[in-house]
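Okay, here's what each chain looks like letter by letter:
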Amino acid sequence: MLRLEGVSAGYGRAQVLREVSFEARSGEILCLVGRNGAGKTTTVKTIMGLLPLMTGAVRLGDVLLSDLAPHKVSQQGVGYVPQGRRLFGELTVGENLAVGRLTNGKDASVLEEVLQLFPRLKERYNQRANTLSGGEQQMLAMGRAMCLRPKVLLLDEPTEGLQPSMIDAIRDATEQMRDQGVAVVLVEQRMDAIVALADQVALLENGRIRGVLNRDEVAAEPKKLAHHLGV
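Residues numbered from 1 in each chain as written. Predicted model: local features only at pLDDT ≥ 70, side-chain atom pairs only at ≥ 80, totals over all residues. Heavy atoms only, no water.

(A) Structural context of a nonpolar patch on the surface. Taken together, the side chains of Phe88, Val99 and Leu102 make up a nonpolar region of the molecular surface, amounting to roughly 290 Å² of accessible area. Relative to the helices and strands, valine 99 resides in helix 3 (residues 93-100). (Patch = residues over 30% accessible without salt bridge, like charges linked within 9 Å, V, L, I, M, F, W, Y side chains within 5 Å. Areas by Shrake-Rupley, 256 points an atom, 1.4 Å probe, with all protein chains shown as cover. Salt bridge = Lys/Arg side-chain N within 4 Å of Asp/Glu carboxyl O. Helix = DSSP H or I, 4+ residues; strand = E, 2+ residues; numbered from the N terminus.)

Shown next, in the form of structure tokens:
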């Protein structure tokens, strides 16, 4: 289980998150929702150790992630697909996936699993990442994170700007990771995706958690969810 306990963080002296607390459980998808500027991306960056904490703690089981450098966080089994993908553009698909396997290099089967899940990556295996379409790049970013065999997967708006067929592929992969027991934290703005995927929804507003809804509450209170999406 991933736990945020009273986390405050920001950029330099500019505080963004204020005592944020929530839990992401194994085998569940927690959607983190809020308007632009609410602090969603700041939250996932803080989990990854890319931003220092002002107060609080981030834990994965008994491990205090907030005491670790970012590369040590990934070694604990936290995969991260950032907004904008952040691929190594001059490297091939295969080389980008090899980077993802550096932490888990002894597990040769994971590469074949990723290529089965995303057949397009197998077709483009020797192609440079910066020549792929936006949807293919998103598949590669997700596949690279999956090569860690993560316990936790952080996805920052993975379907933004994608065509419907690519959105379906990314959502299918997200559900598969959940079904394999991964705790997924998904930053998402699409109402339909949240209703379809979320086991929990954490409502973030002005850097504070305003509530956590379960699946039944999301279905029963769509207006409350829409309010926090700015819809």
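From this point on, the discussion continues.
(B) Molecular detail of the pairing of strand 3 (residues 29-33). The buried fraction of strand 3 amounts to five of the five residues, a majority that puts the element mostly inside the structure. Burial along strand 3 is two-sided: the residues Ile29, Cys31 and Val33 and Leu30 and Leu32 are all buried. Here strand 3 pairs with strand 9 (residues 200-205) via four bridges, running parallel. Bridging across to strand 9, leucine 30 finds its partner in glutamine 200. (Buried < 20%, exposed > 50% of the residue type's maximum accessible area, 1.4 Å probe, protein only. Pairing = 2+ DSSP bridges.)

(C) Highlighting the sheet that holds strand 5 (residues 63-64). What the four strands build is an open sheet, ordered 2-1-4-5; its pairing is antiparallel. The sheet is open, and its two borders are formed by strand 2 (14-24) and strand 5, each paired with just one other strand. Along the sheet, helix 1 (residues 40-47) makes contact with strand 1 (2-11), strand 2 and strand 4 (53-60), crossing strand 1 at roughly 115°. (Contact = heavy atoms within 4.5 Å. Axes fitted to C-alpha atoms, helices over the stretch in contact; angles between N-to-C directions.)

(D) The arrangement of the pattern of salt bridges in detail. Within the structure shown, the criterion is met by 14 salt bridges. Here lysine 122 ties to glutamate 112 by a salt bridge, and the two come within 3.9 Å at their closest N and O atoms. With lysine 122 in helix 5 (residues 119-123) and glutamate 112 in helix 4 (residues 109-117), the pair connects residues that are ten residues apart, well separated along the chain. For glutamate 112, a relative accessible area of 36% translates into the label partly exposed. Measuring nitrogen to oxygen at the nearest pair gives 3.6 Å for the salt bridge that ties aspartate 199 to arginine 178. Residue aspartate 199 is located in the loop between helix 8 (191-197) and strand 9, and its partner arginine 178 is located in helix 7 (residues 164-179); the two are separated by 21 residues in the primary sequence. Looking at arginine 178, the relative accessible area reads 13%, which means it is buried. Within the structure, one salt-bridge network assembled from shared partners comprises Glu175, Arg178, Asp179, Asp199 and Arg215.

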